[in-house]
Amino acid sequence: MDPGDPACDPASDPATRDPTGDPTAQSVPTGQDPLLFLQSLQMLWSTRELRQLREEAWRGFAALDDPLTSLLDMLDGSQGWRGRGPSLEAWVACELKRWLQTRPRPRPAQGSPGLKQLQARAVRVLAESPPSLVEPLVSIFQLQDADRSPLLAHIHRLHQEGRFKEMSAPLLLQDKVHLVERYVDSLPDLQQRLLALLDSWCQPGFDIRVVARWYPQVTSVRLERLSPRELSRQVLRLLERYGLDPALCPNMITQQHLAALRYLCHKRLVERSLSQESWAEHVQGLVGQNQWLQEQLLQLLTAHNDAAVVARCVLDLSLPTEQLPATVATELNRLRLQEGTTEAPFEDREDDHYQLPIAREDIYFLASWEALSRHQEELLQPGQVVGVDLEWRPSFCAGGRPRASLMQVAVEGRVFLLDLPKLLSPAGGPAPRAFSRLVSRLLSEPSVTKLGYGMAGDLRSLGASYPALAHAEKQLRGSLDLLQVHKQMRVVDMPAPGVDGARGPRGLSLLVQQVLGKPLDKTQQLSNWDRRPLGEGQLVYAATDAYCLLEVYWALCREPARFHLSGDLARSLRLGRSDRSRMQEPPRLQKALASPRQVPAEGVAIPEVRARAFRVVCDSMLQGLARSLRCLGVDVLVLGAGEDHRRAAEVARQEGRVILTSGLPYQKLRAQVGAGRCLSVDCSLRARQQAKAVLRHFNVRVTPADIFSRCQACNCDQYLKVSKDMMKQLVWLGSHPEGPSSTGDKTTQNEDERETGSAPEEAPGCGTYDPPCRWLEEADLRSRAPATLGNGTRLQLAGVPAGVLQRRALRHFYCCTGCGKVFWEGSHLGRVAAHFQEVLEGAPGSREPGQAPGPAGSSD
């Protein structure tokens, strides 16, 4: 270890324990002179005998009358620490900090006169100290909690001398940015200096390791926490805290632009959920003439293996072509030779997405109060249901959320698109006031049911964009947020909440797919909604986003039982937001997600299926889930590591199985099997949690008798019961194939050599495990050494510990006829029953809402 290293973590470093190991170390005679003490350590320091040096130092600390005062006396009386390299004084300060942390003893109280005097002296030392002394002095003398006056005076001195970076860099390298923030909290000039320093670390090509090498003694934070991405977040947070102009931090803005480019390339090239026109417009605004960002964009594009798409992007943005791969360059030349080149769409999307059911002429774009006033009566008609949505231009940089650009209001048969910037300008004019009154009347009219998806957030954004509508959220009456309905729905043929790991539709698009059969086309979602005139695709998209709310609502009202919603949906959810605050929540909000053991008021629950009759096929990424389900009696097949996912669909169709997939192939597989026959499982969950989610989703009934009714290893449900005497014979013969048959105690030899049985291999032993199976007889054995069943399956006797054979209470074993695995009565049944208590029928407290989960444990 470098003697100048102050690695100050006493909890993890064994060196923080008393290195002398001497319990009488505290009884060393006190009164040692600090400078003589320092001189006594100098020889060991020069020879780098660190172990002996630490022992002597800790003994010396115990001999000092006042270690804190003595440290300052050492620093005042020596000059070695004022240089740039490692110093004995800095090492002693770090060791004293460790020593104090390992010896709880009364220390001066914060604010006491004695500590104030020591802190004043410590601050004077800080003014001249190298980085290696900063952290130990701050810790030892509690400067982080001290009166800020001397600290600010010290900062002023550093600032006057141009040494602010020298003070702040070591603290930042130790992840103590909060200390630096406190120091500069009321000093605008230093706030800008701090941001300039952090921003300089964000510049392209900057390597934070260079700075870390300048301060080897104090670098304790993992350097990835000081990556440009993480630093740019810190800079943005400080800009907002101090209310400074983001233009002060150009490198942070560049890093934000790079992050936005990654996001946009993912949306366009991977998800294919962004149109080429919108993508090119956003990217052009982010990249501009910045050569470094152009290079980064080209790297992102060329990493994509579709040469035609990459060439189109390069052509649309006029990017440099010198570094393009040959295939992309060839495709680019072909595009340039074509006249009137148009975008080749990724695919024909029309048949794959929800289509607006009204004619184009029923979409009204209204940009003036005169045009809007002609439809005022239609918008405010009592008793109707309207869909409300908002659009705004996406923002990829600092500066907060942009203002709302468009408000959509859908009524039956028509959609009105309201141009907010035009209708609300000039602020305070008669037309904007009239428009604000119209919006207020619409939102506050309780007889008009307003539908939205995340409506509260939309109305907050509307109020933040336009002061005239600042109270829009508070005025809302008679509303229904379909986002809350969506959270409480259960849909048989779609991923349930908690198990949706697919990269498919999300949010409102997923709701539309679950209720109406097809998702929304979101390619225009990130388009420029401030542009005028809006494109045809934008107009249709905006109208569709609002009108689909009406169709979803009508479908839910027609078939509430299909989604396990109460039949009085239309009535119970007309209540406005403030009305609900004065009364109990409607029954639907409390019980929309019906328990698998409950039948909704107006319908029938998802048909119940017994665990042993439930058959699934899993992909190779769900081995843990497969074992957990088999443990509960479910018939589970697992694809091999090299098998194509299409094999799962083939098996599901042939054998009537449900497909459980880890996410990526979900959409393709679902299209190949019937409704309700494919489920995407969240791989971030543990196997036991995944199993519970699957059982609830398909309403599978599991009883205690189902536990271990199927072999976890091979999925076979045929066991044979083996007497203890026969098991002893077979085990002995397996280890002594040349010897005669014997049932003696020879099996007790080498008990420790075969302790290979594991808890998951044990059979349950709570006195209730009795699978329906017959006894193993001599006629069932093809051979006894090695023990082989008539079907050719060899018993896995090596997994039976010798000690298990000597258990007096153990009378028999079980063997799987499929793989030969041997099981015996143990304690695992109780653990499994506790793990799955809430889904286990007949278990105490099972299926009760709000029941706390069973004891923690792993099922894989």
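Because the structure is a prediction, the values reported are computed rather than measured.

(A) Structural detail: the sheet that holds strand β10 (residues 658-661). Strands sit in the order β9-β8-β10-β11 across an open sheet of four strands; the sheet is parallel. Because the sheet does not close on itself, it has two edges, and the strands there are β9 (635-638) and β11 (678-680). Adjacent strand axes in the sheet meet at a mean angle of 25° when their direction is disregarded. In this structure, β10 lies alongside β11, joined through three bridges in parallel fashion. Residue pairing for β11: I659 is matched across the bridge by C678. The sheet strands contacting helix α30 (residues 623-631) are β8 (615-618), β9 and β10, and the helix crosses β9 at an angle near 160°.

(B) Fine view of the packing of helix α16 (residues 307-317) against helix α17 (residues 326-337). One way to put it is that α16 packs onto α17 with a least axis distance of 8 Å and a crossing angle of 60°. In terms of their interaxial angle, α16 and α17 are classed as oblique. In this structure, α16 meets α17 at a crossing whose hand is right-handed. Only T327, V328, E331, L332, L335 and R336 of α17 make contact with α16, whose side of the interface consists of A307, A308, V310, A311, R312, V314 and L315. A per-class count over the contact of α16 with α17 returns nine nonpolar, one polar and three charged.

(C) Examining the nonpolar core more closely. In terms of nonpolar packing, the biggest core is built from 64 residues, with F61, F141 and W201 touching the most fellow members. When residues no more than four places from it in sequence are discounted, the contact partners of F61 are F37, P67, V92, E95, L96 and W99. Counting residues in hydrophobic clusters, the runner-up holds 37 residues, among them A410, V415, V512 and W529.

(D) Structural context of helix α12 (residues 228-242). Helix length check: α12, at 15 residues, gives a terminal C-alpha distance of 21 Å against a target of 21 Å (1.5 Å per residue), a fit within 8%. Looking only at α12, the buried set comprises L231, S232, V235, L238, L239 and Y242. Projected down its long axis, α12 shows its buried positions confined to an angular sector of 125°, all on one face. In α12, those exposed residues whose orientation departs by more than 90 degrees from the buried face are R233 and E240. On its buried face, α12 is in contact with α9 (177-183), α10 (188-200) and α13 (250-270). Two residues or fewer after α12 comes G243, characterised by a positive phi angle close to 65°.

(E) Seen up close, the packing of aromatic side chains. Following the criterion strictly, the structure yields eight aromatic pairs and no others. Their ring planes at 75° and their centres at 5.8 Å tell us that F37 and F61 sit as a pair that is edge-to-face. Linking F37 in helix α1 (residues 34-47) with F61 in helix α2 (residues 50-63), this pair joins segments that are 24 residues apart in sequence. In this structure F61 comes out as buried when scored by relative accessible area, which is 1%. Summarising the aromatic geometry, the rings of F614 and F698 are spaced 5.4 Å apart at their centres and angled 40° between planes, so their arrangement reads as tilted. Of the two residues, F614 sits in the loop between β7 (609-610) and β8 while F698 sits in the loop between α33 (687-697) and β12 (700-701), which places them 84 residues apart along the sequence. Using a relative accessible area of 5% as the deciding quantity, one classes F614 as buried.

What counts as what
Residues numbered from 1 in each chain as written. Predicted model: local features only at pLDDT ≥ 70, side-chain atom pairs only at ≥ 80, totals over all residues. Heavy atoms only, no water. Pairing = 2+ DSSP bridges. Helix = DSSP H or I, 4+ residues; strand = E, 2+ residues; numbered from the N terminus. Axes fitted to C-alpha atoms, helices over the stretch in contact; angles between N-to-C directions. Contact = heavy atoms within 4.5 Å. Parallel < 35°, antiparallel > 145°, perpendicular 65-115°, else oblique. Left-handed = near helix turned anticlockwise from the far one by under 90°. Nonpolar A, V, L, I, M, F, W, Y, C, P; charged D, E, K, R; others polar. Core = buried A, V, L, I, M, F, W, Y, C linked by side-chain atoms within 4.5 Å. Buried < 20%, exposed > 50% of the residue type's maximum accessible area, 1.4 Å probe, protein only. Expected span 1.5 Å × (residues − 1). Arc of directions from axis to C-beta. Phe/Tyr/Trp six-rings, centres within 6.5 Å; stacked < 30°, edge-to-face > 60°.

Keep in mind that these numbers describe shape and distance, not what the molecule does.
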